[in-house]
Amino acid sequence: MACDIRKNGNVTYPLMKKVTVVLGAQWGDEGKGKVVDMLAAHADLVCRCQGGNNAGHTVVVEAQEYDFHLLPSGIINPKCKSVIGNGVVIHLPGLFEELQKNEDKGLKDWQKRLLISDRAHIVFDFHQQVDGLQELEKGKQSLGTTKKGIGPAYSSKATRNGLRIADLLGDFNSFSEKFKSLVHSYQRMFPSLEVDVEAELSRYHKFAQNIRPLVVETVTYLHSALRQGKSVLVEGANAAMLDIDFGTYPYVTSSNCSIGGVCTGLGLPPSTIGEVVGVVKAYTTRVGDGPFPTELKDAIGDLLQTKGGEIGVTTKRKRRCGWLDIPLLQYTSMVNGYTKLCLTKLDILDSLPEVKMCVAYKKENELLEYFPSSAAELSIVEPQYLVLPGWQCSIEDVREYNSLPPNAKAFVEKIQELLQVPVGWIGVGKGRESIINVE
């Protein structure tokens with residue numbers, strides 16, 4: 001498919017095709033994997049731009065459940081290439097283990113469709129050990145990280161002593177010296193850290209041979225694809241409220257998982273961004289510590305947790321559950337510029353006689369006109385609720401918007417009204433077939 005042409009006098013310029021971006025709009029676990037799987041059916045490339053195997057996306061295809069941590073969810077689509085971009089930090093043992101697990105479940109021919117950036121940084125096992133040691137040091141102030149080594153790996157990247165895939169595939173003697181230096185720098189900070197350096201280098205020498213056929217310079221590759229009119233889908237990991245700049249700091253991840261991370265994590269200019277799909281769960285969840293204004297510590301919270309299967313794909317920890325939070329979504333919409341929403345897990349609310357959504361925050365008897373920047377301030381706000389009647393019937397088999405109960409449609413339409421963003425899809429079940437196309 002050829003790109004459109006722009007003319008300026010006698011000179012013509014090819015217009016690059018716009019990319020579609022899927023981002024989590026809350027604290028993660030919104031169901032991004034299923035949305036990406038749906039949209040990947042029409043994509044030529046699906047890309048990961050940030051994070052590592054601290055992310056967890058689940059896709060259900062014909063009753064088979066696939067769990068992805070580093071792999072883009074679009075890898076299930078046999079007609080689609082999957083790109084792990086430069087902004088991702090890659091734990092190679094975890095990557096190959098993930099590939100094997102999903103291959104055992106039926107994933108085929110991934111070798112022909114997986115591309116890895118040579119600029120991506122490597123997460124080593126000692127990064128994971130350091131992650132755990134840092135959490136222990138913090139004691140009661142621990143952040144509840146996944147202990148996957150993501151923070152320490154990004155720290156190595158920022159202090160410019162990290163190692164990239166390009167280093168691994170270059171001169172191995174140089175890689176070995178840099179590896180030893182990095183280990184020693186961490187051992188000076190953590191004397192209890194034990195690393196069998198020679199065994200690790202032997203292991204990575206083998207990884208280099210295994211990964212070499214998959215590695216490309218992805219910036220040029222993606223720009224070439226866009227100029228050719230290829231359809232590119234970007235899959236954000238984690239979510240906006242876990243963004244290191246815009247999330248509930250310090251209870252955040254170590255990367256920019258908002259729209260800016262798409263540009264820096266793939267080498268794409270802002271002008272290439274087209275549709276931005278915000279994935280919103282019909283209620284709110286989060287894993288680990290941190291403020292959570294609408295959290296429910298009662299029977300309704302237990303129902304959401306149980307019926308919603310709210311167990312972390314990566315951590316296996318129970319997710320905290322609460323009502324939908326509109327001020328939070330208005331804030332992440334400002335940051336990300338959602339052009340469309342996908343509302344997931346609406347069916348989990350089926351049995352409730354009434355459903356609530358927080359529509360404002362009050363602090364010291366005054367309504368806030370901004371989203372609090374500090375965790376301390378967010379932890380003391382009083383959520384102001386709008387109460388809507390429930391629909392009290394199953395919607396799991398509904399496949400058309402007009403077939404939803406009136407009260408369910410009223411809930412959806414109130415979200416659109418308050419966020420001023422259209423809902424394009426609604427999830428009412430686990431499978432890829434359980435998505436209502438609203439348009």
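See above for the structure.
We now turn to the structure provided with this report. (Residues numbered from 1 in each chain as written. Predicted model: local features only at pLDDT ≥ 70, side-chain atom pairs only at ≥ 80, totals over all residues. Heavy atoms only, no water.)

### Thoughts on helix H13 (residues 406–419)
So, step 1. Between its first and last C-alpha, H13 extends 20 Å over 14 residues, near the 20 Å set by a 1.5 Å rise per residue.
So, step 2. For H13, the full list of buried residues reads Ala408, Lys409, Phe411, Val412, Ile415 and Leu419. Considered in projection along H13, the buried side chains sweep an arc of 155° and stay on one side of the axis.
So, step 3. Against strand S16 (324–325), helix H11 (326–336), strand S17 (340–344), strand S18 (354–363), strand S20 (382–389) and strand S21 (423–427) lie the buried residues of H13. (Helix = DSSP H or I, 4+ residues; strand = E, 2+ residues; numbered from the N terminus. Expected span 1.5 Å × (residues − 1). Buried < 20%, exposed > 50% of the residue type's maximum accessible area, 1.4 Å probe, protein only. Arc of directions from axis to C-beta. Contact = heavy atoms within 4.5 Å.)

### Points about the sheet that holds strand S9 (residues 114–117)
So, step 1. Here we have 10 strands laid out as an open sheet, ordered S11-S9-S7-S4-S12-S3-S13-S17-S21-S22, and mixed in their pairing. The sheet is open, and its two edges are formed by strand S11 (215–216) and strand S22 (435–437), each paired on a single side.
So, step 2. One ladder, built from 5 bridges, connects strand S13 (residues 273–281) with S17; its direction is parallel. The residue bridging Gly278 from the neighbouring strand is Leu341, located in S17.
So, step 3. In the packing of H13 onto the sheet, contacts are made with S17 and S21, and the angle to S17 comes to roughly 145°. (Pairing = 2+ DSSP bridges. Axes fitted to C-alpha atoms, helices over the stretch in contact; angles between N-to-C directions.)

### Description of the state of the cysteines
So, step 1. Scanning the model with the defined rule gives 0 disulfides in all.
So, step 2. For Cys49, which is in no disulfide, the shortest distance to another cysteine sulfur is to Cys47 and amounts to 8.6 Å.
So, step 3. Of all cysteine sulfurs in the structure, the one in Cys47 sits closest to Cys80, which takes part in no disulfide; the separation is 8.3 Å.
So, step 4. On the basis of relative accessible area, Cys80 is assigned to the buried category, the value being 0%. (Disulfide = S-S within 2.5 Å.)

### Here's the deal with the packing of aromatic side chains
So, step 1. One pass over the full model with this rule turns up 16 aromatic pairs.
So, step 2. Relative to Phe371, the ring of Tyr331 lies with its centre 4.7 Å away and its plane at 10°, an arrangement referred to as stacked. Taken together, the residues Tyr331 in helix H11 and Phe371 in the loop between strand S19 (366–367) and helix H12 (375–378) connect sequence positions 40 residues apart. Across the pair, exposure class does not vary: Tyr331 and Phe371 are buried alike.
So, step 3. Look at Trp391 and Phe411: their rings are 6.0 Å apart centre to centre, the planes differ by 55°, and that puts the pair in the tilted class. Of this pair, Trp391 sits in the loop between S20 and H13 while Phe411 sits in helix H13; the two residues are 20 residues apart in sequence, bridging distant segments of the chain. The same class applies to Trp391 and to Phe411, which are both buried. (Phe/Tyr/Trp six-rings, centres within 6.5 Å; stacked < 30°, edge-to-face > 60°.)

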